[in-house]
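# An overview of the molecular structure
Listed below are the residues making up each chain.
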Amino acid sequence: MMSEQDALKRNRGGVQRVEGKLCASVERGDYYEAHQMYQTLFFSYNQQNSAADLSMLVLEALEKSEADVEEDVLEQLVKLFSMMDPNSPERVAFVSRALKWSTGGSGKLGHPKLHQLLAVTLWKEQNYSESRYHFLRSDAGGVLGRSRFSQRS
């Protein structure tokens, strides 16, 4: 079974192939095909924005419904987070809003379990500095120590 990260990498490769076909179509003067390739690229890039927008709507629904912070909800939020482009500004906005929601608006730093789940996801992405930030705000300090140890060996 293909992981979500593998699917994202595969999709990026597909976009690069379409871009190559687009350039070739323009060079050949095949403007109908070039138009088709532009449309394909447009919808491909829009898909990332749509996913981010839908993720923010999920958070809005949680806020408005005053839903309880439960582990399964936190896991779903982190799954949405992991599916976003790591370089996307929407991802930063999403995690900030998710952390704020997880505190119940109390001004705390965010639910420790959410921080732990984010830390593990970021660690898998090899974003160690951001991962450490979230590990330190979780209840899983021992996991950080074991992770740092395993990184050195």
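Small disclaimer: the values here were computed from a predicted structure and weren't measured.

### Here we look at the confidence of the model for the chain
When pLDDT is averaged along the chain, the result is 82; 78% of the residues meet or exceed 70. The weakest mean pLDDT in the chain belongs to helix α7 (residues 141-152) at 55; the strongest belongs to helix α5 (residues 112-124) at 95. Segment residues 1-5: pLDDT under 50, and seven contacts once partners within four positions in sequence are set aside and those in other chains are kept.

### A word on the packing of aromatic side chains
We describe a pair of aromatic rings using the distance from one ring centre to the other and the angle between the two ring planes. A complete count under the given rule lists one aromatic pair for this structure. Ring centres of W123 and Y128 lie 4.4 Å apart, and the angle between their planes is 65°; on these two criteria the pair is classed as edge-to-face. On the basis of relative accessibility, which here comes to 19%, the residue W123 falls in the buried class. Judged by its relative accessible area of 30%, Y128 is partly exposed. Sitting over the face of the ring of F81, R91 holds its NZ or CZ atom 3.8 Å from the ring centroid.

### Quick look at the packing of helix α4 (residues 89-102) against α5
Interaxial distance between α4 and α5 falls to 10 Å at its minimum, and their mutual angle equals 155°. Taken together, the axis directions place α4 and α5 in an arrangement best described as roughly antiparallel. Judged by residue contacts, R91, V95, A98, L99 and S102 of α4 engage L114, H115, L118, T121 and L122 from α5. Of the residues assigned to the contact of α4 with α5, the class counts are six nonpolar, three polar and one charged.

### Comments concerning the side chain of S82
Tracing the chain through its elements places S82 in helix α3 (residues 71-83). Here K79 takes part through its backbone oxygen, which lies 2.8 Å from a polar atom of the side chain of S82.

### Re the nonpolar core
As a rule of thumb, nonpolar side chains are buried together in soluble globular proteins. Core analysis: the largest hydrophobic core is formed by 17 residues, its most contacted members being L77, L114 and L118. Elements supplying a minimum of two residues to this core: α2 (31-65), α3, α4 and α5. In this view, L118 contacts V78, F81, V95, L99 and H134; residues no more than four positions away in its chain are not counted.

Cut-offs applied
- Residues numbered from 1 in each chain as written.
- Predicted model: local features only at pLDDT ≥ 70, side-chain atom pairs only at ≥ 80, totals over all residues.
- Heavy atoms only, no water.
- pLDDT = per-residue confidence, 0-100.
- Helix = DSSP H or I, 4+ residues; strand = E, 2+ residues; numbered from the N terminus.
- Contact = heavy atoms within 4.5 Å.
- Phe/Tyr/Trp six-rings, centres within 6.5 Å; stacked < 30°, edge-to-face > 60°.
- Buried < 20%, exposed > 50% of the residue type's maximum accessible area, 1.4 Å probe, protein only.
- Lys NZ or Arg CZ within 6 Å of the ring centre and 35° of its normal.
- Axes fitted to C-alpha atoms, helices over the stretch in contact; angles between N-to-C directions.
- Parallel < 35°, antiparallel > 145°, perpendicular 65-115°, else oblique.
- Nonpolar A, V, L, I, M, F, W, Y, C, P; charged D, E, K, R; others polar.
- Polar contact = N/O pair within 3.5 Å; in protein donor to acceptor, adjacent residues only side chain to side chain.
- Core = buried A, V, L, I, M, F, W, Y, C linked by side-chain atoms within 4.5 Å.

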